[in-house]
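Spelled out from the first residue to the last, the chains are:
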Amino acid sequence: MTNSDYKPYNPNQTEPEIYALWEKNQAFKPNEKSSKEPRSILLPPPNANADLHLGHAMYVIEDVLIRFWRMQGHPTLWIPGTDHAGYETQYVYEKNLKKIGKSRFDFDRQTLYNNIAEFVKENSGKIQGQLKKLGFSLDWSHETYMLDDHVVNTVLTTFEKMYQDDLIYRGGYMVNYCPKCGTTFANLEVNHIEQKDPLYYIKYGPFVLATVRPETKFGDTAIAVHPDDKRYQKYIGKEIECDGLIGKFKLKVIADKYVDPKFGTGVVKVTPAHDPNDYEMGKRHQLEVKPVIDLNGKLNELTGPYQGLSVFTARQKVVSDLIEKGLLIKVNENYTHNIAVCYKGNHPIEPMVLPNWFVKTKPLAKKAVAVVKNEKVKIIPKRFNKIYFQWMENILDWPISRQVVWGIRIPAWYNIDKNPDLQVLFINRKGESVAGKVRDICGKYTISEIEKGLQKLIAPANSKFIISRQKPGENYLQETDSFDTWFSSGQWPLTTLKYPDSKEFKKYYPTTLLDTMWDILFFWVARMIMFGIYLTGKAPFKYVYLHSMVTDREGKKMSKSKGNVINPIEIVDKYGADALRMSLLVGCAPGNPIALSEEKIKGYRNFANKIWNIARYIEINTQGKDVKCFESHMPEFTLKNNKSAELNWCHGRIDELNKLSKKVTKLLDNYKFSQAGEELYHYIWDIFADIHIEGSKVWLNNDNQYSAYIRGTLKDMLETNLKLLHPFMPFVTEAIWQRLGKNSLLITEKWPE
RNA sequence: GGACCCAUAGCUCAGUUGGUUAGAGCGUUACAUUGACAUUGUAAAGGUCAGUGGUUCGAGUCCACUUGGGUCCACCA
């Protein structure tokens, strides 16, 4: 240790050197010789092609635990990885395509897939460097990518097993379809926004009814009233004739409690093909499902002159035609209601009945509720239990197919001879786009030409299929849908640990704790619990820690669209990773938002400097001088009953350190990061520096027989504090440790208990 | 419509199972200064813990209601 360095601590220079030192010594690998209980955490995988944002820096909680456990001597494994983020990534890629005047429709499926893979490859690799900058002691030798062969293998095996266990089915169901994105979304992926739309009062035979969607009238298959509505009793069960835009039509009048007699005129047109509630009503009354909107959001052949018009154009034309025919009674222009939009682009959702792959979730959810109820899985903070139960107990079947190329393709095959109604969309050899049913197309094109240029395949709900990884025969085409991202990331604890046969899996499953933000409790955490129990009988983690959402100064969520995103790396460059880490750890409670300010980070940058200078003070006062460890002489002193003020002082300090160690250990054992960090901050600055170091100056100025013990005690205090603080501020503590001339790494030192 | 959370110093927030004079950071005020550290030190000001009622020997903490703010789930043609 030399005196020649900077007075202020310089994190920019120190941090990369220290991280390299740890890596060189393979300090992140679990200590496999230890017989203590194994501990493990999986880093929630960021998108492979994205940059780190400040939310990711909250994973510092995991690093604190990992470093704490590692120092306690547990075999400790922390696995990093990245996600292919199916739809998210394809969305970004398609936006780039748009800039060069192209779209996904210009490519066959395989080419598009390869292009996106290339795009991800070009844009990945940033994450690793950024995680290292934050000081995360991840075992990089276990790094996993969601599309690694072994991951895909496990996901496909799970799908096959679930199919055999009758947990997977294919069916036509009302799904949330976004014509713009060209894919369906799960309910969780749909948002509702308030919007003002005209409410049209339209004449239907003897009735007048209110609707915001007159263009769907061609898909009406009934008219509904409330069973107790006195105005309409005489019509219930009858068929009525109406004047329409494309001729007269007949509709049955049904009675259903869903209808609110107070709304509008108390009469509802029922369109089972394009409204979730009407669909349910249709099931109750065995109504025909008559789709009139196609996958591009345009009206189909059943709408006569309106065919080919987009929903909104059609609406305007329908309205003006209704006026012309005298069928429009009045319009309420100030009607506000909620409309469903896709979460990514805020495009209007078109509810449609489409064939989809589903997971039967009820039996899985039942067990996933049980493990939380009997505390095999503990959620921190506890109040999320209730939210979790509420959701899990009302869970609906999970649609897992996405009409997205980027992802794991569903391993199902359709025989074109047995399924003549298969619709295919493909690019032929001449580069022309061809669409149609296989029964019409197969004469003109060979199966290999179709397969090669295949873009999309739509198999009717009752199609026959085979689940297989390989092509089962000559005349088969593979499903073009891919799995919902969460279907694969839901198996992350299994895939990262190489379920079922690896050493890691046997030793580290179930993992100790999962740390994530509460916004993906249902998307991800609940699904991991379901998959984990289904495949292994055990939930994949013992604790779920729901960390804070990092907001901007005003408490607003950070998002790209708002432009208030802070890049954590900029903060690291400015103030050091240790400072950022402490700012995220102290002063926040799990599940609550944390508003991060630059002043706070500056405060902890100053703290790092404080410790640095405490070390310099002790260095100057011990170098070349007699230094004796008080603790190793304690029995001797007790025997002599030595009452010297100096030795009493030493005794008091050692006592104090033991208490501090116990307190911090207990707080960390209970995942109280904020309090543990604050405790250390307070002790080091207000007690150690301001009281004891100041006090020591008097002793050291009057050099006597006890001064060596004073020096030794100061050094002990420093070393213990470095150990205790290391999980929070790993860089500055390790840097000082190295300057103390220790022949060891602080990161693997023994934790003071 | 259903549920959850929050309200503590000027600002941003901690406060574990109810237990002495309620804490931190930043900010404010006065003073100090080449000291290990100005990324500093010493001292100080600042809170009837949103309101009302209740349980208790004792409530920031537990219960009920009221007011204000946030979030989630479901969504009416």
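- As annotated in an unreviewed UniProt entry, chain A is Valine--tRNA ligase from candidate division CPR3 bacterium GW2011_GWF2_35_18.
- Looking at chain A in UniProt, the text filed under Sequence similarities (unreviewed entry) is "Belongs to the class-I aminoacyl-tRNA synthetase family."
- Annotation of chain A in UniProt includes, under Catalytic activity (unreviewed entry), the sentence "tRNA(Val) + L-valine + ATP = L-valyl-tRNA(Val) + AMP + diphosphate".

## Some thoughts on the overall build of chain A
Okay, so step 1: Check the secondary structure of chain A and you find 25 helices and 28 strands.
Okay, so step 2: Judged by the C-alpha coordinates and their principal axes, chain A covers about 110 × 60 × 50 Å.
Okay, so step 3: By residue count, 55% of the 753 residues in chain A fall in the buried class.
Okay, so step 4: Across chain A, contacts joining residues at least 24 apart in sequence account for 78% of those joining residues at least 6 apart.

## Side note on the protein's contact with RNA strand B
Okay, so step 1: In the vicinity of RNA strand B, 41 residues are found, and the nearest of them are H192, F263, Y335, G587 and W685.
Okay, so step 2: Close to the protein, within 4 Å, the atoms of RNA strand B are drawn from sugar and phosphate at a rate of 62%.
Okay, so step 3: Between Y335 and RNA strand B, the recorded distance is 2.5 Å, taken from a side-chain N or O atom to a phosphate oxygen.
Okay, so step 4: Take E678: an N or O atom from its side chain is 3.5 Å from a sugar or linking oxygen of RNA strand B.

## Thoughts on the sheet that holds strand β18 (residues 412-415)
Okay, so step 1: Strand order in the open sheet made by the 3 strands is β22-β18-β23, with antiparallel pairing throughout. In the strand order of this sheet, the two ends are held by β22 (465-467) and β23 (476-478), each with one partner. Across the sheet, the mean angle from the axis of one strand to that of its neighbour is 30°, orientation sign disregarded.
Okay, so step 2: Of the pairings in the sheet, the one linking β18 to β23 comprises 3 bridges and is antiparallel in character. Looking across to β23, one finds that W413 is bridged to Q478.

## Thoughts on the side chain of N49
Okay, so step 1: Within the fold, N49 resides in the loop between β1 (39-42) and α2 (54-57).
Okay, so step 2: Note on N49: relative accessible area 14%, which makes it buried.
Okay, so step 3: Ignoring sequence-local partners within four residues, the contact set of N49 consists of T89, F119, V120, N123 and K126.

## Some details on the packing of aromatic side chains
Okay, so step 1: If you walk through the whole model with that rule in mind, you get 43 aromatic pairs.
Okay, so step 2: On the basis of an interplanar angle of 75° and a centroid distance of 5.4 Å, the ring pair of Y604 and Y681 is categorised as edge-to-face. Remark: Y681 occurs in helix α23 (residues 673-701) and Y604 occurs in helix α20 (residues 598-622); sequence separation between them is 77 residues.
Okay, so step 3: Three or more aromatic residues link up through ring pairs in this structure, and these residues are F159, Y163, W357, W398, F465, F483, F487 and F531.
Okay, so step 4: Against the face of W140 rests K132, its NZ or CZ located 5.3 Å from the ring centre.
Okay, so step 5: The residue whose ring lies beneath K330 is Y201, and the NZ or CZ to ring-centre distance is 4.5 Å.

## Re the packing of helix α19 (residues 577-585) against α20
Okay, so step 1: Axis separation between α19 and α20 bottoms out at 8 Å; the angle between their running directions is 125°. Viewed along their axes, α19 and α20 adopt a mutual orientation that is oblique. Crossing of α19 against α20: the hand is right-handed. Taking contact as the criterion, the partners of A579, L580, M582 and S583 in α19 are, on α20, K600, I601, Y604, R605 and F607.
Okay, so step 2: Residues belonging to the contact of α19 with α20 are distributed by class as follows: 6 nonpolar, 1 polar and 2 charged.

## Notes on the pairing of strand β25 (residues 511-517)
The two faces of a sheet get side chains in turn, since along a regular strand they alternate between them.
Okay, so step 1: The buried fraction of β25 amounts to 7 of the 7 residues, a majority that puts the element mostly inside the structure.
Okay, so step 2: The pairing of β25 with strand β26 (residues 541-547) spans 6 bridges and is classified as parallel. Its bridge partner being in β26, M517 is matched across the sheet by H547.
Okay, so step 3: Each parallel crossover has a hand, and for β25 linked through helix α17 (residues 521-536) to β26 it is right-handed.

## Observations concerning the pairing of strand β8 (residues 207-211)
Okay, so step 1: β8 sits mainly inside the fold: 4 of its 5 residues count as buried.
Okay, so step 2: Pairing analysis gives 5 bridges linking strand β7 (residues 190-204) to β8, with the strands arranged antiparallel. Across the sheet, residue K203 finds its bridge partner in β8, namely V208.
Okay, so step 3: The hairpin turn running from β7 into β8, its antiparallel successor, is 2 residues long, and G205 in that turn takes a positive phi close to 55°.

## Details of the environment of M717
Okay, so step 1: Mapping M717 onto the fold places it in helix α24 (residues 707-725).
Okay, so step 2: A relative accessible area of 0% means that M717 is categorised as buried.
Okay, so step 3: Expressed as a C-alpha distance, the spacing of M717 and F688, which sit 29 residues apart in the sequence, is 8.0 Å.
Okay, so step 4: Not counting the four nearest positions on each side in its chain, M717 is found in contact with R653, L657, Y683, F688 and H692.

## Quick word on the sheet that holds strand β9 (residues 222-225)
Okay, so step 1: The 4 strands are arranged β10-β11-β9-β12 in an open sheet whose pairing can be described as mixed. Where the open sheet ends on each side, the last strands, each with one partner, are β10 (239-242) and β12 (267-270). Put simply, the sheet's adjacent strands are angled 35° from each other on average, direction ignored.
Okay, so step 2: The pairing of β9 with strand β11 (residues 249-255) spans 3 bridges and is classified as parallel. Bridge pairing in β11 places I223 opposite V253.

## Considering the nonpolar core
Okay, so step 1: Grouped together as the largest cluster of nonpolar side chains are 96 residues, with contacts concentrated most on L714 and F728.
Okay, so step 2: Per element, the largest residue contribution to this core is 10 residues, and it comes from α20.
Okay, so step 3: In contact with F728, not counting residues within four places along its chain, are V64, R581, M582, L585, L668, F673, A676, G677 and L680.
Okay, so step 4: Core analysis: the next-biggest nonpolar cluster, separate from the first, contains 95 residues, Y93, I410, W492 and L546 among them.

## Quick word on the confidence of the model for chain A
Detailed conclusions should not be drawn from predicted coordinates in areas where pLDDT is low.
Okay, so step 1: Averaged over chain A, the pLDDT score is 89; the fraction of residues at 70 or greater is 96%.
Okay, so step 2: Across the assembled chains, the prediction reports ipTM 0.90 with pTM 0.90.

## Some points on helix α11 (residues 384-393)
Okay, so step 1: Inspection of α11 places F384, N385, Y388, F389 and M392 among the buried residues, and these make up the whole buried set. Along the axis of α11, the buried positions cluster into a sector of 135°, meaning they face one direction only. α11 presents K386 and Q390 as exposed residues on the side facing more than 90 degrees away from its buried surface.
Okay, so step 2: Residues of α11 that are buried in the fold lie against α10 (362-373), β15 (378-380), α17 and β26.

## Topic: the pattern of salt bridges
Okay, so step 1: Counted according to the given criterion, the structure contains 35 salt bridges.
Okay, so step 2: Its salt-bridge partner being K507, residue E32 comes within 2.4 Å of it at the nearest N-O pair. Placement of the pair is E32 in the loop between α1 (11-24) and β1 and K507 in helix α16 (residues 503-508), with a sequence separation of 475 residues.
Okay, so step 3: Taking the relative accessible area as the measure of exposure, E32 reaches 45% and is therefore partly exposed.
Okay, so step 4: Note on K507: relative accessible area 29%, which makes it partly exposed.
Okay, so step 5: The closest approach of N and O atoms between K161 and D165, which form a salt bridge, is 3.5 Å.
Okay, so step 6: For D165, a relative accessible area of 38% puts it in the partly exposed group.
Okay, so step 7: Taken together, the shared-partner salt bridges connect R213, E215, R315 and E350 into one network.

The rules behind these values
- Residues numbered from 1 in each chain as written.
- Chains lettered and ligands numbered in written order.
- Predicted model: local features only at pLDDT ≥ 70, side-chain atom pairs only at ≥ 80, totals over all residues.
- Heavy atoms only, no water.
- UniProt positions renumbered as here; feature names shortened; annotations may be inferred.
- Helix = DSSP H or I, 4+ residues; strand = E, 2+ residues; numbered from the N terminus.
- Buried < 20%, exposed > 50% of the residue type's maximum accessible area, 1.4 Å probe, protein only.
- Contact = heavy atoms within 4.5 Å.
- Near = heavy atom within 4 Å.
- Polar contact = N/O pair within 3.5 Å; in protein donor to acceptor, adjacent residues only side chain to side chain.
- Pairing = 2+ DSSP bridges.
- Axes fitted to C-alpha atoms, helices over the stretch in contact; angles between N-to-C directions.
- Phe/Tyr/Trp six-rings, centres within 6.5 Å; stacked < 30°, edge-to-face > 60°.
- Lys NZ or Arg CZ within 6 Å of the ring centre and 35° of its normal.
- Parallel < 35°, antiparallel > 145°, perpendicular 65-115°, else oblique.
- Left-handed = near helix turned anticlockwise from the far one by under 90°.
- Nonpolar A, V, L, I, M, F, W, Y, C, P; charged D, E, K, R; others polar.
- Right-handed = clockwise from strand over helix to strand, strands pointing away.
- Core = buried A, V, L, I, M, F, W, Y, C linked by side-chain atoms within 4.5 Å.
- pLDDT = per-residue confidence, 0-100.
- Arc of directions from axis to C-beta.
- Salt bridge = Lys/Arg side-chain N within 4 Å of Asp/Glu carboxyl O.

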